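# Fold and contact review
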Amino acid sequence: MDMTRRKFVSGAALGLATTTLSKISGAEPDGEIKKGEMPLIVSTWPFGKASNDAGLKVLQEGGTILDAVEQGIWVTESDVHNQSVGLAGAPNAAGVVQLDSCIMYGPGHKAGSVGAIEGIRHPISAARRVMEKTPHVMLVGEGARMFALEQGLESIEVDTHEKYETWKKKRASEKQPLRKDKNHDTIALLVLGADGNIAGGCSTSGLSGKLPGRVGDSPIIGSGLYVDNDVGAAGATGLGENVMRYCGSFLVVEFMRQGLHPQEACLAAIRRIARQDPRHTELSISFVALDKHGRYGAASSAQGFQYSVTTNSKSEVLTGPGVGNLDIGEVGGNRPKIKP
Ligand code: GLY
C-alpha cells in the first residue's frame, strides 16, 4: 500500500475529525500519550522543561494539578537568568518590572489572575490566591500587590538600574519605539492529571520596555491561557497584542472542541489570526495545547518554536510547526461571504 493510501486508511480509522485536521495542516498530527503515561504536562519553550519536571514531581508526591501548575511555574519565575518571566524579567519604559500571571482550574471553571504586579516573587501564587481567596478573577497594579502581601507572599526589591540603562541605549539606536521581537517569552504550563482533570497557568514580565501599566495577553483569561475541563487547554507566548485581540487560547480550545487535534487547533488559530493581519510574518505568536484524550501539540507564526512535553515516562523538548509564509488562505478571508 502506498504512503498516501496508508495515510488515508489510518485517517478513516481514526474518524472524521482527524481526517479533517490532516487536510488543514498538510501534516499528520502525532502528539498523543497512552493512559499509563499520564499525567501529561505541556509548556512553552525549552525552559518550560524544568518547570514540567518540577510539576511532575509534585504530582508523583501526591500534590494536586493546581500545585503542579503553581510549583512548576515557580521554577521559571525564580530563574535569575530568565529575562522574560519573574522578577529577573525586563523592566518597562519607566525602569520597573511589572509582572502578569493567571491560573485556571478545570473543575468548576475557576480562574484567577494578576496584572502589572510589582515586587512579588511568585505572581502565579498571587493569581492562585485571587482564584481561591476572593470572589474576583483579576486584580491589577498596587491592589494586586497589596493583596499578595496581605496573603503573606514573598516580596523582593528589584534593582533594574543597569538593565534599564542598557535598554534605553538600545532603544535610542532603534527606529521602532518598542521592540517587538524575541523579548516576550512567557511560560504557559498545562497539566492533564491522571484523573482527567485539567489545570493551567501562565506567567511573564511581558514586553520589554512596555509602557507603564501595559498588560499583555498572559493574565487575560482566554488570551494567554484557557482551560475547559470537557475539552482541553491552551496557552500562548509571544507578542501579547497579537494574541489578546483574538482571544487566542480560547480560539485554540474552541477548535479542539470542534474535533481538531491540539496541534491542528494551534495551527488553525494562527492561520485565522494571520488571515486578518497583512503583517502576518511579524505576528510573533505561538500556542501550546493539550486535550482531554492525552493529545498535545504546538504551533507558531514562525518556524522553530520549541515547547516541552513531560509525562510519567518522558520529558522532552519538541519543535512545533510554523505557519510563516505558508498557506494561510486569503488575507481578510475570515469574513463570511454575504450575497448582495
Ligand atoms: N505574551 C507576553 C506579553 O506580550 O506580555
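A brief look at the structure comes next.

Rules of the game
- Residues numbered from 1 in each chain as written.
- Predicted model: local features only at pLDDT ≥ 70, side-chain atom pairs only at ≥ 80, totals over all residues.
- Heavy atoms only, no water.
- Helix = DSSP H or I, 4+ residues; strand = E, 2+ residues; numbered from the N terminus.
- Buried < 20%, exposed > 50% of the residue type's maximum accessible area, 1.4 Å probe, protein only.
- Contact = heavy atoms within 4.5 Å.
- Areas by Shrake-Rupley, 256 points an atom, 1.4 Å probe, with all protein chains shown as cover.
- Pairing = 2+ DSSP bridges.
- Axes fitted to C-alpha atoms, helices over the stretch in contact; angles between N-to-C directions.
- Parallel < 35°, antiparallel > 145°, perpendicular 65-115°, else oblique.
- Nonpolar A, V, L, I, M, F, W, Y, C, P; charged D, E, K, R; others polar.
- Left-handed = near helix turned anticlockwise from the far one by under 90°.
- Near = heavy atom within 4 Å.
- Polar contact = N/O pair within 3.5 Å; in protein donor to acceptor, adjacent residues only side chain to side chain.
- 1 Å grid on protein atoms, 1.4 Å probe; cavity = no way out; pocket = protein on both sides within 12 Å on 5 of 7 lines; lining within 4 Å.
- Sits in = over half its atoms within 2 Å of the grid points.
- Salt bridge = Lys/Arg side-chain N within 4 Å of Asp/Glu carboxyl O.

Right, let's talk about the overall build of the protein chain for a bit. Along its length, the protein chain carries 10 helices and 12 strands. The burial tally for the protein chain puts 55% of its 340 residues in the buried class. Pairs at least 24 residues apart make up 66% of the contacts formed inside the protein chain by residues separated by at least 6 positions. Taken as a whole, the protein chain presents about 15,200 Å² of accessible surface, with 54% of it coming from carbon and sulfur.

In this section: the pairing of strand β6 (residues 198-204). For β6, the tally of buried residues reaches 7 of 7 residues, placing the bulk of the element in the interior. Along β6, one buried face is formed by I198, G200, C202 and T204 and the opposite face, lined by A199, G201 and S203, is buried too. In this structure, strand β2 (residues 99-105) lies alongside β6, joined through 6 bridges in antiparallel fashion. Bridge pairing links I103 to G201 in β6.

With their axes 8 Å apart at the nearest point, helix α4 (residues 65-77) and helix α5 (residues 123-133) run at an angle of 155 degrees to one another. One element, α4, and the other, α5, form an angle in the roughly antiparallel class. Contact residues: α4 offers L66, D67, E70, I73, W74 and E77, while α5 offers P123, I124, S125, R128, M131 and E132. Here the contact of α4 with α5 is composed, by residue class, of 6 nonpolar, 1 polar and 5 charged.

This next bit is on the packing of helix α3 (residues 48-60) against α4. The description of two packed helices rests on the angle between their axes and on the distance between the axes. Relative orientation of the contacting elements α3 and α4 amounts to 145 degrees, with a least axis distance of 7 Å. The interaxial crossing formed by α3 with α4 has right-handed handedness. On α4, the residues touching A50, S51, A54, G55, V58 and L59 of α3 are I65, D67, A68, Q71, G72, I73, V75 and T76. For the contact of α3 with α4, the per-class residue count stands at 8 nonpolar, 5 polar and 1 charged.

In the region of the ligand, the neighbouring residues are T186, G206, L207, R214, G216, D217, S218, G238, L239 and G240. Contact distances for the ligand include 3.1 Å between a nitrogen atom and a side-chain N or O atom of T186. Here an oxygen atom of the ligand sits 2.6 Å away from a polar atom, N or O, in the side chain of R214. Out of a free accessible area of 200 Å², the ligand has 100% covered by protein chains. Here the ligand is seated within the largest cavity. When its residues are assigned to classes, the shell around the ligand shows 2 nonpolar, 6 polar and 2 charged.

Burial of helix α9 (residues 248-257) is extensive: 8 of the 10 residues sit out of reach of the surface. Buried within α9 are the following residues: G248, S249, L251, V252, V253, E254, F255 and M256. Packed against the buried residues of α9 are β7 (225-228), β8 (232-238), α8 (241-244), α10 (262-276) and β9 (285-291).

Applying the stated rule across the entire model yields 12 salt bridges. Among the ionic contacts, a cluster of salt bridges with common partners joins D67, E70, R128 and E132.

Here we take up the sheet that holds strand β10 (residues 296-300). A sheet is described by the order of its strands in space; here 4 strands give the open sequence β7-β8-β9-β10, paired in antiparallel fashion. In this open sheet, the two edge strands, each paired with only one partner strand, are β7 and β10. The average undirected angle you get between the axes of adjacent strands in this sheet is 10 degrees. Bridging between β9 and β10 involves 5 bridges; their strand directions are antiparallel. Along β10, the bridge assignment pairs L290 with Y296.

Function cannot be inferred from these measures alone, as they are strictly geometric.
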